[in-house]
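# An overview of the molecular structure
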Amino acid sequence: MVRGVKSNKSQMLPLTLPMSYSELVLFKGKGMYTLNEGFLIDSFQEMLKDIYTLTYGNYILELIDMSMVDDEININLFKNVVVSFYFLKNKAVSDRIVIRKFELDLLKYTGHSLNFENCGICRNKIISSNYIIYPPFSGVCGNCNKKNGIYISYSVFSFMKYLYHIDIMKIHILKENNYILSEIEKINSELIVTSIGKKPKSLELLEIL
Ligand SMILES: [Zn+2]
């Protein structure tokens, strides 16, 4: 709860805008918090000027909303949201790479680990794979029966594995590949629905542009 925030003169208004990154002092009352003071670290208002970054920013917030409960603390995810917003704002790397990385880290940090290292059936070590099964997500080795999963190309599997393990701070070194990113988008979308149990809506806007 923020008193007087709807007034244009309220100093609290910028702190509470969607996508604003602020440090807030909250007082816990009965069932709700009251915002008493705070300061703005970055408003990320540049993201609102571009329909793509605006949509991707909303999508990140929607994923957080879907996968966490009120008062839950997740430092890794928080760091990922802030870093993703800076990448979207500064355009230091393709928006699509930022979003695919965020989806993979969201799964990782909400307890839905992806296994790129061992066959999901016989547990033998694998380097790459052209077949995946989920949930839980695993590649399948060349010796095991391929059923109840989907074929993907080795290049998609390998890039996805690299993207899953790389520190988000280093994703600016990655090159955009349309085919690979589109394939990962489809797989991530399925993984989010099967792992989190809901389908996000924010990206639907981009389909009509
Ligand atoms: Zn196997």
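Residues numbered from 1 in each chain as written. Predicted model: local features only at pLDDT ≥ 70, side-chain atom pairs only at ≥ 80, totals over all residues. Heavy atoms only, no water.

## What to know about helix H2 (residues 51–67)
Our working rule: The helix count covers DSSP runs of H or I at least four residues long, the strand count covers runs of E at least two residues long, and both are numbered beginning at the N terminus. Multiplying 1.5 Å by the residue count of a helix minus one yields the expected span of that helix. Burial classes follow relative accessibility: with a 1.4 Å probe on protein chains only, a residue under 20% of its type's maximum area counts as buried, one over 50% as exposed, and anything between as partly exposed. Contact between two residues is taken to exist if any of their heavy atoms lie within 4.5 Å; hydrogens are not considered. Between N or O atoms, a polar contact is any pair within 3.5 Å; within protein, one atom must be a potential hydrogen donor and the other a potential acceptor, and residues adjacent in sequence are included only when both atoms are from side chains.
For H2, with 17 residues, the first-to-last C-alpha span of 24 Å sits near the 24 Å given by 1.5 Å per residue. Within the span of H2, buried status applies to Thr53, Thr55, Tyr56, Gly57, Tyr59, Ile60, Glu62, Leu63, Ile64, Met66 and Ser67. Residues of H2 that are buried make contact with helix H3 (75–90), helix H4 (95–109), helix H6 (178–196) and helix H7 (204–207). For H2, the capping residue at the N-terminal end is Asp50, with a side-chain oxygen 2.6 Å from the backbone nitrogen of Tyr52.

## Here's the deal with the packing of aromatic side chains
Applicable threshold: Think of it this way: a Phe, Tyr or Trp ring, Trp meaning its six-membered ring, pairs with another when their centres are within 6.5 Å, and the plane angle makes it stacked under 30 degrees, edge-to-face over 60, tilted otherwise. For a Lys NZ or an Arg CZ to count as sitting over a ring, it must be within 6 Å of the ring centre and within 35 degrees of the ring normal.
This model, assessed by the stated rule, comprises seven aromatic pairs. Between Phe44 and Phe85, the aromatic rings sit 5.3 Å apart at their centres with planes inclined by 80°, giving edge-to-face as the arrangement. Highlighted residues: Phe44 in the loop between strand E2 (33–42) and H2 and Phe85 in helix H3, separated in sequence by 41 residues. The exposure classification of Phe44 matches that of Phe85, with both residues buried. Three or more aromatic residues joined by ring pairs form one cluster here, namely Phe116, Phe137, Phe157 and Tyr164. For the cation-ring pair, Lys108 lies above Tyr164, with the distance from its terminal atom to the ring centre recorded as 4.6 Å.

## Quick look at the pairing of strand E1 (residues 21–28)
Inclusion rule: The pairing criterion is simple: DSSP has to find at least two bridges between the two strands.
Note that E1 and E2 share eight bridges and pair antiparallel. If you follow Ser22 over to E2, its bridge partner there is Leu40.

## A closer look at the environment of Lys28
Along the chain, Lys28 turns up in strand E1. The class for Lys28 is exposed, based on a relative accessible area of 65%. Along the primary structure Lys28 and Asn143 are separated by 115 residues, whereas in three dimensions their C-alpha atoms are 57 Å apart.

## Concerning the coordination of the zinc ion
To keep it simple, the criterion reads: Metal sites are built from N, O and S donor atoms within 2.8 Å, or 3.2 Å for Na, K and Ca, and they leave out water, so they may look incomplete.
Protein-derived ligands of the zinc ion are Cys119 (SG), Cys122 (SG), Cys141 (SG) and Cys144 (SG), with the metal-ligand distances lying across 2.3 Å. Sequence spacing among the residues donating to the zinc ion works out to C-x2-C-x18-C-x2-C. Since its relative accessible area comes to 8%, Cys141 is described here as buried. Take Cys144: its relative accessible area is 15%, and that puts it in the buried class.

## So, the side chain of Asp105
On the secondary structure map, Asp105 appears in helix H4. For Asp105, the side chain forms a polar contact with the side chain of Asn80, separated by 2.5 Å. Excluding its chain neighbours within four sequence positions, the residues that come into contact with Asp105 are Leu77, Asn80, Tyr164 and Ile168.

## A word on unusual backbone geometry
Of the consecutive residues Tyr134 and Pro135, the connecting peptide bond is found in the cis state with omega at -15°. If you trace the backbone, Pro135 turns up in the loop between strand E4 (131–133) and strand E5 (138–139). Backbone torsion omega between Pro135 and Pro136 reads -10°, so that peptide bond is classified as cis. When you line up the elements, Pro136 lands in the loop between E4 and E5. At Asp71, a position not held by glycine, the phi torsion is positive, near 75°. Its location among the elements puts Asp71 in the loop between H2 and H3. We classify Asp71 as exposed; its relative accessible area is 56%. Positive phi outside glycine occurs at Lys91, with the angle close to 55°.

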